[in-house]
Structure formats: structure tokens, C-alpha cells
Amino acid sequence: MIITLSWLKNHLATSATLSKIIDKLTSIGLEVEGIKENHGELSDFKVAKVIKAEKHPNADKLKLCEISLGDNKIIKVVCGAANAREGLVTIYAPPGSVIPKTKLKLKVVKIRGVESHGMLCSESELNISHESDGIIELRNKEKDVGKNYFKSKGEKSIDISVTPNRPDCLGVRGIARDLSSSGLGKLKKHPPIKINQKFKNPIKVSIKKEKDQGCGLFGSVYIKNVKNIESPDWLKKRIISLGLKPISAIVDTTNYVMYDLNRPLHAYDADKIDKEIIVRNSKTGETFEALDNKTYKLNNNMCAITDKTGVLGLGGIIGGTRSGTELSTKNILLESAYFFPSSIRKTSKNLGIDTDAKYRFERGIDPDSATLGLELGMCMILDMCGGEASTFSIVGKLKDERPIIDLELDKFFKVIGLSITIAEIKKILTSLGCSLKINGKKIKVLPPSWRPDIKEDIDLIEELIRIKGFDKISYVRPERERSKETLNFKQKLFHFSQRAVASKGYLEAVTWSFTDSRIDKHFSQGKKEIEITNPISSDQNVLRRSIFSNLIIYLKKNQDRGYLDLSLFEIGPIFFGNKPGEQQVVLGGLKSGVTNRKSWDSKTRNIDVFDVKADVIKTLIELGINEEDLYISNKAQNYFNPGRSGSVNFKSPSSHQLASFGEIHPGIVSNLDLKEGNVCGFEIFLKNIPEPPKKYRIAKRNYSVSEFQKSERDFAFIIDKNYKAGDVEKMIREVDKSLIKKVLIFDVFEGGNIPEGKKSIAVNITIQSMEKTLSEKDLNEVSQKIINIVKAKTGGTIRS
Amino acid sequence: MVDLRELIQRVSQAKDKLELQNLKSQFLGKNSQINQEFKKLGLLNENERKIRASSLNNEKQKITESINNKFKELENLEINQKLEKNQVDVTLPARERPNGKIHPVSQVIDEISSIFSEIGFSVAEGPDVESEYNNFTALNTPEDHPARDMHDTFYLDKNKKILLRTHTSPVQIRTMLSGKAPFKIIVPGRTYRCDSDQTHSPMFHQLEGLHIDKNINMGHLKGCLDYFVKEFFEVKKIRMRFRPSHFPFTEPSAEVDIGYRLENGKIIVGEGDKWLEILGCGMVHPNVLKNVKIDIKKFQGFAFGMGIDRLAMLKYGINDLRSFFETDYRWLNYFGFDPLDVPTNYRGLSR
């Protein structure tokens, strides 16, 4: 909502300065967003400086410019001009502005894959000259960077952000009333009107009685013999200050009254109305051409203003061209009606129309304002255009739906923590237009017709503290007391795992929960994609089924920047359905490239499955799982290389999967055309990490170590090539849990003198007793046992 | 007689271990002078023998000692000479040890959690995919409410019943429906709006707060947020104003601004003359409490919501919201936090 100081003073007698008014507006909930100078369509164009201009990555003739408006923000604009270059001062049109030459409204668009926020202008585009070769070059204008390029003609306007509960403040008078209530002046009375309205409105109006009728009341006045002209300067100025374009005295009047009283009006060229006005529900298929020059096809049950011929307009939303006023218009019908918010909202949403009138009706117009609107509009038109006015015709009747609210004095204290007197309540609520009946501490309040938002006592309490001032409430210091743990087990896991993985050299990324279905399908294991009905772009059209879907895109982007040795991870939700709760938290990491790239002393080597395995195992142990409980198999998801990936389960292969790790499937890597194809990844499925029944410190066994000598023995077995080393390690550990302290596989090889289809596997075993120093005999016994068991279970032999 | 002084002198002049070895056998060996002297002891009477033996032993010990010392000295010399030849260039690059980093959003969530933990809030969560009812209707934002227009919503079905939550507030509903008052929670999480430009990203992070108990009024709300803002920005004094606003699910509602000034293009939060909006808050609307079956005669309280990304930008001087989600290796390295840098109260929230 935009107001100007002079306009405000039409309604408010005040001597307060502009800055006082601005402060007050903000402190009573009418946030001032800015002070603007509107001068029609040209107010958006700013003097800007090009900070950087480089070639567009995907187009030879385009440039990617970074421009500054003198603050610390950088705006990225794609520009085709040859003269766009670093240091150039030029003119910038932001998104939302309308280019004078083409009349096109700028939007943020992707140009060849890069977003452009507005454009840099040539003289021809701004209608300054016919010069269209390159963008404008401003010399010696560095000091003007950030300022409007076109000098102001309008009055300073105050741009107020009006919250959706306050339709009354979409009119200057409503704002004046709030200011006066807060003590910043006195609300002026409407001047009485003295117009001789001699004849009856010749155009019959009827509101058809039908279900879902969107119109509750239709007031109108017929004005004959007008001479429609350009508005006088004072009115033009006000219209411009609103950011609108002056059109004619009649149209400007309807806009003026809408902004003055929050009372939309509509003017018809009465001679173009076929006999009478019928307000009725539209029928499917009816069409009409609206004032925005678009033709709309209507559905059933939209509130249409019609005549004998057909639809004239959509009530409260937009008028039609057929009955629009022109400078040649002689006789007009001025409409001041009431349309129900839900009907307005439904229709405008359905057709995708947004107008000032619609914005106001859907928030709720004062149902009692129809006559006042007609009066003001009529007077202005008679003043400017001459003519004679009919009596008002008011069709329909609105039920007064205002509640009588019981307000108890103590309730205010209970909610706000501050006391208030009956006198204060009376003063504030009366000044806002409420009627009060006071009986001791009990107050009955009837809100004014223009405040549809006031329905119950809490609404009144808000009004009272809003006007009284939030600054009057004193701070109650919070108690430092904790009755519940801040984080639960799963939340702690989240934090632990996040920092555990970061401490292993991975950078944490936060990417969007949605992704490109074409990438996601690589990681969804054939499951259906989870579509977003209205995605922001086609490459963000599904909820991700895997952390990898986005992470690999960003891995690629970083590789494309020339960074090949990367470690990235993200922890966040992945989805397995489109219902609430069909999601789980997963930590996924990707690692690409080599270690020791260009090292003076270490050998360069590709990172591989054992790098990510180390990261996964270490992290799981840090999350509180015993290493012996990690069951590792080669059954990982199909987006890994099947021969170079693994799965970690809790204790047994049939239990929940704790994690997966491996080389990303080479098919995916080549499909995505990664610059560095050596990519490994891992995932940790946090929901499968078991919560220990006891706290770690309690569950920990008593400390005991052996006082006796430990011995180490090395064995080499020749076993089947496909026999898993992990299984050998496990079976040895289980030979004698009290004596075998550690089993370490330290060598594996095939070929040489090892028979085809077999491999040699060397194991280092640490043997130690808690009770005695083991004799040679004891050691041999254990060794023999180990050999026997391995032989029996693997069918292998011991190497001599 | 042995000339002890001369012997020790000669030991000390030994050039190397070999010479010292020779001297050792010469001075202490079988045919050494001192050995000869020991042999002669038998010729003496008992008294003289005792005195003589003790003196010889003393001499022998002194010689041994001087040889041992000289031996150590020579050995040290030898080691040092060896080391002199085996120097490495320590200015060569160290072996690689990659550093991981924590994303600023995660770090700030930890900071905020730590602050609210001190005053008894616990962390609650809810799903990213929400029902239209929890996201809007239960929060006193019925269909047709214009406030719904302010949330550009992503939908997952044609009927617009399932959506990506536009704020963390539906977790209020879930928490209150699944437990019994009192409630004292914060909810950090991902939120979504289909809006994308310079200052908006289709996904961002919010922090919700909810405190419902007996006798919780607006003074408590102000006190709680005053405490939070000072702790978060790690300043003793901060200008702060509560400005009336409107949210369907709170009443009275307020937006909170803090003071700041610009210094070399950087925002310095605290006592400047400019205002910056950082959060929205208010007393939970009775309709919301009724929707979750809370007795509004007994219980009331406050709620607040703030943008985590924005707080991170303010505190750590990050200009571009969109860069948070672009996963640029350089950016993550620059703005990321060391994983050991866990925000705590005793060590300080940030370094």
C-alpha cells in the first residue's frame, strides 16, 4: 500500500513530521518498507556499474555480467551487448520492470542455462533514441550508481507493507485512523455532500438469487452528459505516486477512491450496456475480453456482471473492454458493490487474474462502504467532467455478521503480562471504531464494519497492545533449567556422524531435497520417481531417493572447475514415498580422484573402495558400534560397481543395513560424463543404527589387561579364490575368544606358484592368556587348532 | 707408582674409539701397571695391604670412569657427525592430510541448539513432506486465507493435499498432538517455497520455537528472544524492537528487528541506527491450541520462527543465500567450520 504525506493529511490533522509518521506506522504494525519516488513506469531503472563481464559458458555471443548498485549485493545479468565490459556505468532494469520499447515485463529467466536477474538497457529499449547498438554508456556517473536514472516527477510516497488481516489499511483513511488512534493526530470527518440527484437510475440492476452467488450488494449511480477528460494535475500526481498510469478522469477517479477509502469502484460506459445489469453465476464456456486485453473463458459459478448480450466483467476482479469508458464516453454507470472474499478468491485463482480490486475484495471490503464510495466517486466525476447524477440504486442487503465480543480486563494481563485500565481500553478501541458497553471488569465490544479480522477477545487484546506499544512489555528473564535432554538418540547420532565424517576430510554440503529425475533414476534402484506437481524447473522435479543424486551433480560441477580430488558429504532426508514420514535420514559421501597427487615422497594412487570402507567403519565405531558386530558382505546397492562394493550389516547379513560403500558404478560415471571417473561413495543409514540399551559408560566392561607375555604367530593358507578374507578372519577369532586377541590379514596374493583358482592369504595372530605365560606347547596347541579349523571350513591348506 | 694424572690426561686426548680401546687395555688390562701393583699387594702386611688396596681400587675406578666418559663423548661426536651428513630439507611440503568442514547452516543449528538447551528447550523434528492440514489449516490458516498466498507452495499431488512444508510450524502441531503440555521445543529444519531469485532459494532452513505452559505471557517471549539474540551474536548489548505484525497462528504477533550498522560493506550487529528484521513471533493463537486439544483455560504460550540461513549470513558475513546450496568446494572450504569446533557454552559459541 502506498500513501503520500499530502494524501494522508486529507484524512488526518497532524503536525507530525514525515520521519515521526514513519516511525509510528512501523511501531503500530504498518511496516514502512521504503520511501519511494514513483514517476510512472520509469522508476525502476537504476544507474549500475558492471563489476565483472565474462563470456557466457554456453554461448559465444553472450556475456555474464556481475553488476552492482553500490551496495554489497552482486546482481548477475546475462547481456548480449558487445560493449558490456568491466567498469562500465550503464542502466539496469531489474526483474519486474517494464521495458518501454517492448512493453515486456522482465522476469528472472535462465538464458542458456544461466539465470539472468534483469537486463542492461540500450537507448532504444528505453525509448531515449533509436540507438540500439550496445548498452548505454554513462560517463562521469559513477557517483549516481544505485540511483534512479529518470528524475522524479511525483511526490514522495510511503510504501507500507499491510498484513493480510488489515484490509482497512489498504485505504489511506484506514491508515489515518490507526495513526490517530496511536495519538499522532486527529481523524478528519468526511465532508457532507450536497448534490442534487434528481432522476432515477435508468439502468435496472438485479442480483440473481442462486446458490454460491458471489455478490451480496450492488450499488450504482448513473451520471449523464459527462465530458471525460485527462485528469487534472493534482489527481494525476496522486495516481502516479501510486505507481499507476493516469488514464482519464473517470478511470483515475475509480482508482483514487479505491486507494483513498479501500473502496473499489467500477465505471461502465452506460451506452454500451445492453438494457440492464444482471449479476449472476457464469456458465461454462462463456467468454469475455477483459481490460487486460486477454480473453477469458469462464467456468460454472463465477460471479459475472452481465447484460442482455452477455458477460461485461467479473465482479470485483476485472471489467471488460466491451463496456469500458473512453474519452468519448457520455454516460456512465458507476458501480460500488460487495463481493464475497471466497468467491473472489476462487475465481481469480482459477483464471489466474491478480488485480488491485481482487486483492482488496478477497481480504474483505467494508460492507457498509458502498454508499460512501458512490458519493465520493460521483462528486469527483461531477467536479471534473460535469454532468448530472441519478439517485443511488442499492440492490441486495448484507447481513451484519459482526460479533459482540466479551472482553475481560484480566485476560489482557494474562496474555501480555502488563496491566491496562478500563479507561485505556475504552479510548483505544473507540478510536479504532469499536462500540463498547462496560460493566465493571466486563466489556462488550462491537467491532467496526471495516474490521473483518476482529472476531474474538484475543483480536482485541492484539489491538490494545499494538496501539499501546510492544515496548511497554518488560522482559522476563528465562529460567536456566532443563527438565529434558536437548537431543534424543537419533539426533545425537546425526550430530556425531556429521562431525565424524567431516573429521575424515569430507566437506559438508547442503543440497536441495529435490533433484533431477534423470539423475535420480540412477540411484533409485528402479523405484518410481516422487514427482513434485509444480517444480521450479524441470531439473528439480522429483524428491531425491538418494543423497548421491544431488551430490554427484555438484561433484561434477566442482570437477568441471578443475578440482578433481574431492571429498563431499551430505546428511539429510531421502524419500521413499510422497506421504508425510516416508523419508529417512542418510549420510552420503563421495570421494573422487587420487591421493598424493604430485607428491615428492609418496606414490600417487587412485582412491578406492578401501578408502571409503575405512571411513565408513571408523565412523560406525565412533557411533558406538563394536567392530565385531559389523558384518561385511559384498551385497551392496546396484549403483555401485558390483565387484567393488560392500554392505555393512549389524551382526548378520539378514539384519538391517547400516551402511554401504564402494566404487560408483562405472556405467553411471560415464553416463554423467564425469571429468575424473574414479569415484567412490558410501552411505550410512542412521535409522538402522541400534540404540544401545544402556549408556556407553555403563555398558563398558570392567578394565582388565593381561600381565603375561603375548605371542604372535603368522600363518599362510591357500584357499579358494572366492573365499572371503573376512570369513577367515572371523572363524579364526572364534577358535578361542579368550586366547586370540587380534587377527590381522596382512597379505593376499594369487598367481606365482599358487594353483589356478586359489589364493594365498597370510594372517598374523596375537595370542595371549589372562592367566599365565603360554608355553611353547600351549601355543602349538592353539596354532594347530586354528589350522585344523581353517582347513576344515575353507577346504584349504596351510602353506609350508 | 701410577701417575694417575698422566693416564687421565692421555685418555682425554684419545682421538677415536680404537685409540681409547688400546689405552683401556694398556691401563687396565692384564699387563697394565695397575694390575702389576695389585699383584704386589701380597707382599705387604695386613695393615699396609688394606690401605694400599683401597688406594689402588680408587685409582682403578677413576681410570675406568674417565675411559667410560671419554667413550660416551666420542660416541656422541660420532652420532653428531653422522647426523650432520643425513639432513633432510624440512621446508619440503608436509604429507597431505585433508581437512573436512562443517557447513555453516549445520554449525549455526548447533549454536542455536546449544543456546536454547541452556534454558530448557529440547529439539523436535517433523517430516519435510506435510499434509495441507498440518501446514495450514491446523495453524489457523484455513483454505481461502490470503496468508496462504504468501507461501508459494510445492505440491506433491494434484489435489494439493500433500505438500513440502513451507515453514517448520507444522511441527508445533505434531508435537502438541503427540504429547501432553507443557511443551518447550525448538525445531530446526528444511523448508520449501517455490520461489527462486537473488534473495530466495526454493529450499531454506527455519528454526521454530514453542513454549506452552501455565502463565507464559508476552514478557516471557520477549525475555527469551532477548536472551537468544545476545547469546547468538555474542554481544552484551543489542538494540532490539518488537514490531506488531500478523501471522495466522499467533496473536498478538510481532516481528523482531535488531540494530546494525555497516562497516566497510559488512553488517555489524548491535547498536547501529539501522534495523534488520530477523524473526517473527507471537502468542500461540487459541484456535491453534484448540486444534490440538489443549485446554486454553489452563495453557498458553509463545512461538517464534526464524531463518537459519539468514542468521548464518548475518553472523558470518556471507552475502549470497544461494551460495549455501551450490556446493562450491572453495566456498565450503572458506565458510565451513572445523569439525572439532563444536559450539559449547564453556568454550564459547564461536571462535
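Thresholds applied
- Residues numbered from 1 in each chain as written.
- Chains lettered and ligands numbered in written order.
- Predicted model: local features only at pLDDT ≥ 70, side-chain atom pairs only at ≥ 80, totals over all residues.
- Helix = DSSP H or I, 4+ residues; strand = E, 2+ residues; numbered from the N terminus.
- Rg over C-alpha atoms; globule rule 2.2 N^0.38 Å.
- Buried ≥ 20, exposed ≤ 12 C-beta atoms within 10 Å, placed from the backbone.
- Contact = placed C-beta atoms within 7 Å.
- Nonpolar A, V, L, I, M, F, W, Y, C, P; charged D, E, K, R; others polar.
- Pairing = 2+ DSSP bridges.
- Domains from an automatic or database assignment.
- pLDDT = per-residue confidence, 0-100.
- Axes fitted to C-alpha atoms, helices over the stretch in contact; angles between N-to-C directions.
- Left-handed = near helix turned anticlockwise from the far one by under 90°.
- Expected span 1.5 Å × (residues − 1).
- Parallel < 35°, antiparallel > 145°, perpendicular 65-115°, else oblique.

A. Seen up close, the overall build of chain A. Within chain A, the regular secondary structure consists of 19 helices and 43 strands. In terms of C-alpha radius of gyration, chain A reaches 39 Å, well past the compact-globule figure of 28 Å for 800 residues. Each principal axis of the C-alpha distribution contributes one length, and for chain A these read about 130 × 75 × 55 Å. Looking at the 800 residues of chain A, the share that counts as buried comes to 40%. Pairs at least 24 apart in sequence give 69% of the contacts found in chain A among residues at least 6 apart.

B. Region of the structure containing the overall build of chain B. Scanning chain B for helices and strands turns up 11 helices and 10 strands. Burial status across chain B gives 40% buried among its 351 residues. Long-range contacts, defined here as pairs at least 24 residues apart, represent 68% of the contacts in chain B between residues at least 6 apart.

C. Here's a closer look at the interface of chain B and chain A. In this complex, chain B contributes 74 residues to the contact, which on the side of chain A involves 83 residues. Secondary-structure elements contributing two or more residues to the side of chain B that touches chain A are helix H5 (104-118), strand E1 (122-123), strand E2 (129-131), helix H8 (218-233), strand E6 (240-247), strand E7 (250-263) and helix H11 (329-335) of chain B. In terms of residue count, the dominant contributor to the side of chain B that touches chain A is H8 of chain B (eight residues). Residue composition of the side of chain B that touches chain A, grouped by class: 33 nonpolar, 24 polar and 17 charged.

D. Expanded view of the pairing of strand E4 (residues 183-192) of chain B. Residues and elements named next belong to chain B. Most of E4 sits out of view: nine of its 10 residues are buried. Note that E1 and E4 share two bridges and pair parallel. Bridge assignment links Val123 to a residue of E4, and that residue is Ile186. Strand direction decides the pairing type here: E4 and strand E5 (residues 203-213), joined by 10 bridges, are antiparallel. From the neighbouring strand, Ile186 faces E5, where its bridge partner is Gly209.

E. Highlighting the sheet that holds strand E16 (residues 277-281) of chain A. Residues and elements named next belong to chain A. One open sheet accounts for five strands, arranged E13-E16-E19-E20-E21; its pairing is mixed. Looking at the sheet topology across the chains shown, the edges are occupied by strand E13 (205-207) and strand E21 (318-319). Sheet topology note: the strand E19 (residues 303-306)/strand E20 (residues 311-314) ladder contains three bridges and is antiparallel. Counted as the bridge partner of Ala304 is Leu314 from E20.

F. Inspection of the environment of Phe154 of chain B at higher detail. Looking at where Phe154 of chain B falls in the secondary structure, it is placed in the loop between helix H6 (132-135) and strand E3 (162-164). In sequence terms Phe154 of chain B and Arg193 of chain B are 39 residues apart; their C-alpha atoms lie 6.3 Å from each other.

G. Focus on the domain arrangement of chain A. Parsing chain A into structural domains produces domain 1 (2-39 + 155-187), domain 2 (42-144), domain 3 (205-395), domain 4 (405-469), domain 5 (489-688) and domain 6 (705-798). Each of domain 5 of chain A and domain 6 of chain A has a C-alpha centre, and these two points are 34 Å apart.

H. Fine view of the confidence of the model for chain A. A residue-level look at chain A finds 98% of positions with pLDDT of 70 or above and a mean pLDDT of 91. The spread of mean pLDDT over the elements of chain A runs between helix H17 (residues 696-699) of chain A, the lowest at 75, and strand E28 (residues 507-508) of chain A, the highest at 98.

I. Main features of helix H6 (residues 341-351) of chain A. All buried positions along H6 of chain A are accounted for by Pro341, Ser343, Ile344, Arg345, Lys346, Thr347 and Ser348 of chain A. For H6 of chain A, the secondary structure elements touched by its buried residues are E19, E20, strand E22 (332-339) and helix H7 (356-363) of chain A.

J. Region of interest: the sheet that holds strand E10 (residues 119-120) of chain A. All names here are of chain A. Reading across the sheet, the five strands line up as E6-E5-E4-E7-E10 and stay open at both edges, with antiparallel pairing between neighbours. Edge positions in the open sheet fall to strand E6 (75-79) and E10, since each of these has one partner strand only. With five bridges joining them, strand E5 (residues 63-68) and E6 adopt antiparallel strand pairing. Bridging across to E6, Glu66 finds its partner in Lys76.

K. Summary view of the domain arrangement of chain B. We note that the domain assignment places domain 1 (4-76) and domain 2 (105-236 + 285-335) within chain B. For domain 1 of chain B and domain 2 of chain B, the distance between their C-alpha centroids amounts to 89 Å.

L. Quick look at the environment of Leu739 of chain A. Residue and element names in this part refer to chain A. Secondary-structure assignment places Leu739 in the loop between helix H18 (725-733) and strand E41 (740-749). Classification of Leu739 by C-beta neighbours within 10 Å gives buried; the count is 20. Distance from Leu739 to Lys198, taken between C-alpha atoms, is 116 Å for residues 541 residues apart in sequence. With residues near it in sequence (within four places) discarded, Leu739 still touches Ile767, Gln768, Ser769 and Val782.

M. Representation of unusual backbone geometry in the model. Along the chain, Ala181 of chain B connects to Pro182 of chain B via a cis peptide bond; the corresponding omega equals 0 degrees. Relative to the helices and strands, Pro182 of chain B resides in the loop between helix H7 (170-178) and E4. For the bond running from Glu251 of chain B to Pro252 of chain B, omega is -10 degrees, close enough to zero to count as cis. Positive phi is not limited to glycine here, since Asn225 of chain A has a value of about 55 degrees. Of note, Asn225 of chain A is situated in the loop between strand E14 (215-224) and helix H4 (233-241).

N. View of the packing of helix H5 (residues 249-261) of chain A against helix H8 (residues 370-385) of chain A. Residues and elements named next belong to chain A. The N-to-C vectors of H5 and H8 enclose an angle of 145 degrees; their axes lie 10 Å apart at closest approach. The crossing of H5 and H8 is right-handed. Facing H5, whose interface residues are Ala249, Ile250, Thr253, Thr254, Tyr256, Val257 and Leu261, H8 presents Leu372, Gly373, Leu376, Gly377, Met380, Ile381, Met384 and Cys385. Across the contact of H5 with H8, the residue classes break down as 11 nonpolar, four polar and no charged.

O. The arrangement of helix H11 (residues 457-468) of chain A in detail. Residue and element names in this part refer to chain A. Its 12 residues place the ends of H11 16 Å apart at the C-alpha level, agreeing with the 16 Å of an ideal helix rising 1.5 Å per residue. Buried within H11 we find Ile458, Asp459, Leu460, Ile461, Glu462, Glu463, Leu464, Ile465, Arg466 and Ile467. Gly469 sits one or two positions beyond H11 and adopts a positive phi of about 115 degrees.

P. Quick peek at the packing of H18 of chain A against helix H19 (residues 776-794) of chain A. All names here are of chain A. H19 packs onto H18 with a crossing angle of 140 degrees between their chain directions and a minimal axis gap of 10 Å. The angle between H18 and H19 falls in the class oblique. The interaxial crossing formed by H18 with H19 has right-handed handedness. In this structure, H18 contributes Val728, Met731 and Ile732 to the contact, and H19 contributes Ile786, Ile789, Val790, Lys793 and Thr794. Class assignment for the residues of the contact of H18 with H19 results in six nonpolar, one polar and one charged.

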